[in-house]
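Examining the three-dimensional arrangement
Letter by letter, the chains look like this.
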Amino acid sequence: MNTSVRIPQGDDTVKIELTVKEAMALAGAKFPNNHSIEISARKKINSVIEDHYIEEHKPIN
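These lines cover the structure that appears in this document, whether it is placed above or below. (Residues numbered from 1 in each chain as written. Predicted model: local features only at pLDDT ≥ 70, side-chain atom pairs only at ≥ 80, totals over all residues. Heavy atoms only, no water.)

Concerning the pattern of salt bridges
Two side chains bearing opposite charge may form a pair once their charged atoms approach each other closely. Enumeration over the complete set of coordinates arrives at two salt bridges. Its salt-bridge partner being lysine 44, residue glutamate 22 comes within 2.9 Å of it at the nearest N-O pair. With a gap of 22 residues between them, glutamate 22 in helix α1 (residues 20–27) and lysine 44 in helix α2 (residues 36–54) connect regions that are remote in the sequence. A residue is classified by how much of its surface remains accessible, and glutamate 22, at 5% relative accessible area, is buried. By relative accessible area, lysine 44 is classed as partly exposed at 30%. Its salt-bridge partner being glutamate 38, residue arginine 42 comes within 2.9 Å of it at the nearest N-O pair. Pair noted here: arginine 42 and glutamate 38 are both in helix α2, with a separation of four residues, about one helical turn. Note on glutamate 38: relative accessible area 24%, which makes it partly exposed. (Salt bridge = Lys/Arg side-chain N within 4 Å of Asp/Glu carboxyl O. Helix = DSSP H or I, 4+ residues; strand = E, 2+ residues; numbered from the N terminus. Buried < 20%, exposed > 50% of the residue type's maximum accessible area, 1.4 Å probe, protein only.)

Structural data, given as structure tokens:
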């Protein structure tokens, strides 16, 4: 089974502003008393992906 994913413009760059703690959490650092740091970072990444990729490719009615 071929499970490769094709992403148009997959090599384009985006800028995401993260705090140092958010970047560390995504890199694997553990913040046992504050799981919201990683959640915040992931939300920022998902937002940028939606804004720059998904919205551009919606059909215009």
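From this point, things continue past the structure.
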